[in-house]
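Chains, contacts and geometry: an overview
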Amino acid sequence: MRKDISSLHVPHNKNTAACEPQRIAIPAEVILPMNMHSGHDAEPIVNVGDYVKVGQLIAREEGRFSSPVHATVSGTVAEIATMPTANGKGTTFIRIESDGKMEVSETVKKPEITDCASFLQAVRDGGIVGLGGAAFPTWAKFNEATNPDYKVDTVLINAAECEPYITSDHRMMLAHPDWIADGIEYLRTYMGDYLGNATFKICVETNKADAIEILEKTFADKPYVVIHKLKTIYPQGAKQVMLYNATGRVAVAGRRFPSFGALIINVSSLALMANYLNTGMPLVERIVTVDGPAVAQPMNLIAPIGTRISELLKITGLKAEPGKVVVGGPMNGTAIYSVDDPMVKVSNAVLVFDEKTAKLCEPSACINCGRCVEKCPVRIDVAEVDRALKIKNEDARAQALIDTGVRQCVDCACCSYVCPASRPLLQINWEAKAFLKKYAAEQREKKEANING
Amino acid sequence: MAKLHISSTPHIHQKGSFTGKIMLDVAIALLPATVVGILFFGLTALWVVLTCVISAVLAEVIFNLCVGKKQTVGDFSAVVTGLLLGLNLSINVPLWQCVIGSVFAIVVVKGFFGGLGKNIVNPAIAARVFMLLTFGSVGAVVTIAPVLDLGFLGQAVAAPELIAGATPLAALNQGAGAEGTLSVLQLLVGAHGGTIGETCGIALLLGYVYLVARKVIKWYVPAAFVATVFACFYLLDGFNATYALQHVLAGGVLLGAIFMATDYVTTPNTPWGRVIFCVGAGLLTFAIRKFGSFPEGVSIAILTMNLLTPFISTWTKKKTLGGIK
């Protein structure tokens, strides 16, 4: 039998696994950033003072892999301005003051779908993005699969939810297995030419026994749907790891994912996509897990996208002064500057750490223990990457870095997590990957200049 | 609201995975051997060990002060180095030599190479070999029988006072069944001559179990060392299992295999690399004991393999999954 490449035991802390998601009271205002997806920022099409309704398009997609933004409450556009973001670039946001009515827009109606093209267009219009964390527009992912060079025979539905604390995907599976089923049928019907014979593997970690049971019941009569049970070992949910553990195929860096014959989609993305195609209501709300050592009452909440995180924390209460607030999981989430920041499309969790748990140790000297290599799903020797990064000559550095295999890094952070010297190992890999990306771009430019000159 | 901490991922860290805790675990694992050593060899043993530990820690503090580096005594690596060195000396070593040995280990072997993680050879072993070459008698060469009365085990321990005699290893080197050789049980108990920490097999094995249970070391690393020594003496020196086992238990094989061939810094960081390291050290131990001029070969064997570590690491590195290399 093939051995799983994930090998890290992290404490699950799934305190909210049994918490039925509760819809929060309509927030007084929502903040909708234009960068809730991986590509270019969306472009606002409303003005300050406009009255908008739930589901109404307020920003259209602009450029590659962009995604539209919809109003998530009804009310008045109060402000369009820029805000800082974690990557330092900053983004435009639209602030809507709610009138408390949650009036639904007339534009919200079941989209008409006749073929693959109209299906992709609908998914695009619904503002559906990958909710696992990457926020890659879902239509673009499907579109890649239509490339005749790729033969997609497996659709991996990522329901691993391998990060500690988070249970929003878990609760989605319990609440709406029908949406997941609908999503699969949509794909089979309208992308039949490409996915008609594909096996749909819903990959769930075994710590979600109730979800596995419901899914097995739902799909009992569908031979093309397989519930694939994954060991509860981090990082099962990383796409490269899931591909290997579920199919035995190795994702090679630099190639598009469907070229490995597989498509991967987050379970919540698929469910919310089906909901949109059924009702016409775009991605305007989601389940968010609020948990962490400083949270008084860990809960799952259903909140409009754009709700300020402070609003969520008011509901769950805090038992300690927050030291760090993380949006997403503790292994891969983003620490935010202020609790007034909004939750966005990919915010599957808000974790609040107290002063004690927020602080991590200062890095010290590497003692060559080898734990980073041992726990790395793809066996990268980070110490070797670190040495290669210090090479002065750029060509030699690039070659040395490629030789370390650092491009295969799946960003799971296992190396940093286990490092006894608390060294920021993941960041070393990031630096290496960023350098290689820049170097490759420069080489391409040089080549083109040579051809043209 | 107070300012929030901002940091990159991950936001949690593995419980207990800290350099200081690992070193502390090693020190704890050495405690049984230390206590037994003091019981067998008397208070002098305590003074030797204490001198080594204290001078190692002080050497580290002073060295860091002199070169303007951040204090690193908190990682307990100097404690472990001092403790290991102390346990590798016999009680007839003058204390001033212990001090010089510890300073050599910390300053020359570790500090000059860049501190913890940068040293290419094990500081305690390097210091022991340095002392052996500089002062002549350090280790198992000069021997003293223990003070504890364990007469029921028979010869060599009958008298409660210190007596000079051949170490069991020296006796063993005369060949299987030679005069003065101790039984396997006597060697396991360790109430005989030798260095402070090496004699009691049971105490060392307790440390081994502790380190494996705490996941500080992998069980197969010391096992590979011991198995190689056993296999060599069994296959190449007369197919005598008792004799081979006596060679494993006498001298520093267990102490070296469990505590020094498992040092992260100076051994390969790949599983196969670690096994190859230990097999190599085992072979060298056999060769030195059998053909060399020293009765004991563990220190030199490990020291030699330390120097080969980078090659073994590179050689046994596995290809990155999906990567080019």
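Residue numbers restart at each chain and count upward from 1, following the sequence in its written direction. Here every chain gets a letter starting at A, and every ligand a number starting at 1, in the order they are written. Per-residue local features are limited, in this predicted model, to residues with pLDDT of at least 70; the limit for side-chain atom pairs, both in listing and counting, is 80 or more; totals at the level of whole chains, interfaces and linings are taken over all residues.

**Observations concerning the overall build of chain B**
Heads up, the condition is: Note on conventions: DSSP H or I runs of at least 4 residues are helices, E runs of at least 2 residues are strands, and numbering of each starts at the N terminus. With C-beta atoms placed from the backbone, a residue counts as buried when 20 or more other C-beta atoms lie within 10 Å of its own, as exposed when 12 or fewer do, and as partly exposed for counts between those limits.
Helix and strand counts for chain B stand at 13 helices and zero strands. Taken from the N to the C terminus, the helices and strands of chain B come in the order α-α-α-α-α-α-α-α-α-α-α-α-α. Counting across all 325 residues of chain B, residues that qualify as buried make up 55%.

**What about the overall build of chain A?**
Selection rule: Only C-alpha atoms enter the radius of gyration, while the globule expectation follows 2.2 Å times N to the 0.38, with N the number of residues.
When its secondary structure is counted, chain A shows 15 helices and 17 strands. Taken over C-alpha atoms, the radius of gyration comes to 22 Å for chain A, in line with the 22 Å a tight globule of 453 residues would show. Each principal axis of the C-alpha distribution contributes one length, and for chain A these read about 60 × 55 × 55 Å.

**Thoughts on the interface of chain B and chain A**
Our working rule: Contacts are defined on C-beta atoms placed from the backbone: any two residues whose C-beta positions lie within 7 Å are in contact. Residue polarity follows a fixed list, in which Ala, Val, Leu, Ile, Met, Phe, Trp, Tyr, Cys and Pro are nonpolar, Asp, Glu, Lys and Arg are charged, and the others, Gly among them, are polar.
Facing 33 residues of chain B, the contacting portion of chain A comprises 48 residues. For the side of chain B that touches chain A, the residue count by class is 13 nonpolar, 16 polar and four charged.

**Let's talk about the domain arrangement of chain A**
All names here are of chain A. Cut-off, in case you're wondering: Boundaries between domains were set according to an automatic or database domain assignment.
Each assigned domain of chain A is listed here: domain 1 (116-279) and domain 2 (371-452). Computed over C-alpha atoms only, the centres of domain 1 and domain 2 are separated by 29 Å. Its residues assigned to classes, the side of domain 1 that touches domain 2 comprises five nonpolar, two polar and no charged.

**Re the packing of helix 8 (residues 201-213) of chain B against helix 11 (residues 253-260) of chain B**
Residues and elements named next belong to chain B. Worth spelling out the cut-off: For helices, the fitted line uses only the C-alpha atoms of the stretch in contact; every axis is such a line through C-alpha atoms, and the angle between N-to-C directions lies from 0 to 180 degrees. These descriptions rest on fixed angle ranges, namely under 35 degrees for roughly parallel, over 145 for roughly antiparallel, 65 to 115 for roughly perpendicular, and the rest for oblique. Crossings are assigned a handedness: left-handed for a near helix turned anticlockwise from the far helix by less than a right angle, right-handed for a clockwise turn.
Relative to each other, helix 8 and helix 11 sit at 15°, their axes nearing to 10 Å. Our classification of the angle between helix 8 and helix 11 gives roughly parallel. The two elements helix 8 and helix 11 cross, and the hand of that crossing is left-handed. For the pair helix 8 and helix 11, contact is made by Gly201, Leu204, Gly207 and Tyr208 and by Leu254, Leu255 and Ile258, respectively. Looking at the contact of helix 8 with helix 11, its residues break down into five nonpolar, two polar and no charged.

**A look at the sheet that holds strand 4 (residues 51-52) of chain A**
Residues and elements named next belong to chain A. Here is the rule we go by: A pair of strands is considered paired only if DSSP assigns at least 2 bridges between the two.
In spatial order, the strands read 2-8-7-4; together these four strands make up an open sheet with antiparallel pairing. Only two strands of the sheet have a single partner each, and these edge strands are strand 2 (29-33) and strand 4. With five bridges joining them, strand 2 and strand 8 (residues 91-98) adopt antiparallel strand pairing. Directly across from Ile31, in strand 8, lies its bridge partner Arg95.

**Observations regarding the pairing of strand 8 of chain A**
Bridge analysis of strand 7 (residues 75-83) of chain A against strand 8 of chain A gives eight bridges, and the strand direction is antiparallel. Across the sheet, the residue bridging to Ala81(A) is Phe93(A), located in strand 8 of chain A.

**What about helix 2 (residues 43-67) of chain B?**
Residues and elements named next belong to chain B. Our working rule: For a helix, the expected span equals 1.5 Å multiplied by the residue count minus one.
Relative to the 36 Å expected for 25 residues at 1.5 Å per residue, helix 2 spans 36 Å between its end C-alpha atoms, a close match to the ideal helical length. Every buried residue of helix 2 is accounted for by Ala45, Val48, Val49, Thr51, Cys52, Val53, Ser55, Ala56, Ala59, Glu60 and Phe63. Structurally, helix 2 contributes buried residues whose contacts are with helix 1 (19-41), helix 3 (77-87) and helix 4 (95-110). Of the residues trailing helix 2, Gly68 is marked for its positive phi of about 70°.

**Observations regarding the nonpolar core**
Residue and element names in this part refer to chain A. In plain terms, the rule: Each nonpolar core reported here comprises buried Ala, Val, Leu, Ile, Met, Phe, Trp, Tyr and Cys residues connected via C-beta atoms within 7 Å.
Grouped together as the largest cluster of nonpolar side chains are 147 residues, with contacts concentrated most on Leu156, Ile157, Ile202, Cys203, Val350 and Cys415. The dominant element in this core, judged by the number of residues it contributes, is helix 8 (residues 267-279), at eight residues. Viewed by domain, this core spans two of them, domain 1 (116-279) and domain 2 (371-452), each represented by three or more residues. Among all residues touching Val350, those that are not within four sequence positions of it are Val288, Val290, Ile309, Leu312, Val325, Val327 and Met343.

**Quick notes on helix 13 (residues 298-316) of chain B**
Residue and element names in this part refer to chain B. Stated formally: In this scheme, the bend at a residue equals the angle between the axes fitted to the seven residues that finish there and the seven that begin there.
Between its terminal C-alpha atoms helix 13 stretches only 23 Å, short of the 27 Å expected from 19 residues at 1.5 Å a residue. Along helix 13, the sharpest change in direction is near 50° and occurs at Leu308; proline Pro310 comes one to four residues later. All of the buried residues along helix 13 are Val298, Ser299, Ile300, Ala301, Ile302, Met305, Asn306, Thr309, Ile312 and Ser313.

**Digging into unusual backbone geometry**
Apart from glycine, the bulk of residues carry a negative phi angle, and the bulk of peptide bonds sit in the trans form. Omega for the bond connecting Tyr234(A) with Pro235(A) falls within 30 degrees of zero, at -5°, which places this linkage in the cis form. Locating Pro235(A) in the fold gives a position in the loop between strand 11 (225-230) and helix 7 (239-247). A cis geometry characterises the amide bond from Thr9(B) onward to Pro10(B), with omega recorded as -10°. Looking at the secondary structure, you find Pro10(B) in the segment before helix 1. Look at Ala413(A): it is not a glycine, yet its phi comes out positive at around 75°. Secondary-structure assignment places Ala413(A) in the loop between helix 13 (394-404) and helix 14 (414-418). Despite not being glycine, Phe76(B) has its phi angle at roughly 65°, a positive value. Inspection of the secondary structure assignment puts Phe76(B) in the loop between helix 2 and helix 3. Residue Phe76(B) is classed as buried on the basis of its C-beta count, with 20 C-beta atoms lying within 10 Å.

**Quick look at the environment of Ala159(A)**
Mapped onto the secondary structure, Ala159(A) falls in strand 9 (residues 154-159). Excluding its chain neighbours within four sequence positions, the residues that come into contact with Ala159(A) are Asp169(A), Met173(A), Ile202(A), Cys203(A), Val204(A) and Val267(A).

**Some words on the sheet that holds strand 3 (residues 43-44) of chain A**
Residue and element names in this part refer to chain A. The strand order across the open sheet formed by three strands is 3-5-6, and the pairing between neighbours is antiparallel. Two strands in the sheet have a free side with no partner beyond their single neighbour: strand 3 and strand 6 (69-70). In terms of strand pairing, strand 3 meets strand 5 (residues 57-60) through two bridges, oriented antiparallel. Paired with Pro44 across the bridge in strand 5 is Ala59.

**What to know about the packing of helix 4 (residues 177-190) of chain A against helix 8 of chain A**
Residues and elements named next belong to chain A. Contact geometry for helix 4 and helix 8: axes closest at 8 Å, N-to-C directions at 80°. As summarised for this structure, helix 4 and helix 8 are arranged roughly perpendicular, according to the angle between their axes. Of helix 8, the residues touching helix 4 (which contributes Trp179, Ile180, Asp182, Gly183 and Tyr186) are Val267, Leu270, Ala271, Met273, Ala274, Asn275, Leu277 and Asn278.

**Regarding the environment of Gln427(A)**
Mapping Gln427(A) onto the fold places it in helix 15 (residues 425-452). Remark: the alpha-carbon pair of Gln427(A) and Arg407(A), spanning 20 residues in sequence, is separated by 13 Å.

**Describing the environment of Lys359(A)**
Residue position: Lys359(A) is located in the loop between helix 10 (355-358) and helix 11 (371-375). By the C-beta count within 10 Å, which is 13 here, Lys359(A) ends up partly exposed. Separated by 35 residues in sequence, Lys359(A) and Lys324(A) place their C-alpha atoms 8.4 Å apart. Setting aside anything within four residues of it in sequence, one finds Lys359(A) in contact with Gly323(A) and His5(B).

**Observations regarding the confidence of the model for chain B**
All names here are of chain B. Cut-off, in case you're wondering: Per-residue confidence from the predictor is given as pLDDT, running between 0 and 100.
Here chain B averages 86 in pLDDT, and 87% of its residues register 70 or above. Per-residue pLDDT stays below 50 along residues 151-164; that stretch engages in 25 contacts with residues further than four places along the chain or on separate chains. For this predicted complex, the interface score ipTM comes out at 0.88, while the overall pTM is 0.90.

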